[in-house]
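Understanding the architecture of this molecule
These are the residues of each chain, in order.
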Amino acid sequence: MASQLKDCRVLIVDDEPSYRWALKTALSAVGLTVEEVESGEHALKAFNRARFDLALLDINLPGISGVETCRQLREMARDVGIVML
């Protein structure tokens, strides 16, 4: 299982730095590769330049809402898991 986690890439999308830090710390500790961004706009840019297996997405984001970001991410990458926080 550890070898599977090593290849898993997670994108955390939240405007609260303390939430991003807590999630990144916990997920990195179990071997996941984690990137974090603070807005929907940055999440879309991140998906344009890299592949992710999972997005942890805040529903209340400034700018593009979490729901709209989810819709756009789903169009970009149908096989990515998305968890709304």
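Located above this text is the structure these notes cover.
So, a few notes on the structure that sits alongside this text. Treat the numbers as computed from the prediction; the structure is a model and nothing was measured.

1. Focus on the sheet that holds strand 4 (residues 81–84)
The pairing of strands in a sheet happens through backbone hydrogen bonds and is either parallel or antiparallel. The sheet built from four strands is open, its strands ordered 2-1-3-4 with parallel pairing. Only two strands of the sheet have a single partner each, and these edge strands are strand 2 (33–37) and strand 4. Within the sheet, the average angular offset between the axes of one strand and its neighbour, ignoring direction, is 15 degrees. Here strand 1 (residues 9–13) pairs with strand 3 (residues 54–57) via four bridges, running parallel. Looking at the pairing, Leu11 lines up with Ala55 of strand 3. Strand contacts of helix 2 (residues 17–29): strand 1, strand 2 and strand 3, with the helix running at about 170 degrees to strand 2, the strand carrying the most contacts. Helix 3 (residues 40–49) contacts strand 1, strand 2 and strand 3 of the sheet and is inclined by roughly 160 degrees relative to strand 1.

2. Thoughts on helix 3
Residues Gly40, Ala43, Leu44, Ala46 and Phe47 constitute the buried set of helix 3. Seen from one end, helix 3 has its buried residues packed into an arc of 160 degrees, which puts them on one side. More than 90 degrees from the buried face of helix 3, the exposed residues found are Lys45, Asn48 and Arg49. Buried residues along helix 3 sit against strand 1, strand 2, strand 3 and helix 4 (66–76).

3. Section: the pattern of salt bridges
According to the stated counting rule, one finds six salt bridges in the structure shown. Two residues, Glu36 and Lys24, come together in a salt bridge whose shortest N-O distance is 3.7 Å. A residue pair is termed long-range when its members are at least 10 positions apart, and Glu36 in strand 2 and Lys24 in helix 2 qualify at twelve residues. Taking the shortest distance from any N to any O, the salt bridge between Arg71 and Glu68 comes out at 3.3 Å. Placement of both Arg71 and Glu68 in helix 4 is noted, with a separation of three residues, approximately one turn of the helix. One salt-bridge network, held together by shared partners, links Arg9, Glu35 and Arg49.

4. Regarding the packing of aromatic side chains
Summed over the entire model, instances satisfying the criterion amount to one aromatic pair. Taking 5.1 Å as the distance between ring centres and 45 degrees as the angle between the ring planes, the aromatic pair formed by Phe47 and Phe52 counts as tilted. Its guanidinium or amino end placed over the ring of Phe52, Arg9 lies 4.7 Å from that ring's centre, counting from NZ or CZ.

The rules behind each value
Residues numbered from 1 in each chain as written. Predicted model: local features only at pLDDT ≥ 70, side-chain atom pairs only at ≥ 80, totals over all residues. Heavy atoms only, no water. Pairing = 2+ DSSP bridges. Helix = DSSP H or I, 4+ residues; strand = E, 2+ residues; numbered from the N terminus. Axes fitted to C-alpha atoms, helices over the stretch in contact; angles between N-to-C directions. Contact = heavy atoms within 4.5 Å. Buried < 20%, exposed > 50% of the residue type's maximum accessible area, 1.4 Å probe, protein only. Arc of directions from axis to C-beta. Salt bridge = Lys/Arg side-chain N within 4 Å of Asp/Glu carboxyl O. Phe/Tyr/Trp six-rings, centres within 6.5 Å; stacked < 30°, edge-to-face > 60°. Lys NZ or Arg CZ within 6 Å of the ring centre and 35° of its normal.

Purely geometric stuff here, so don't read any function into it on its own.
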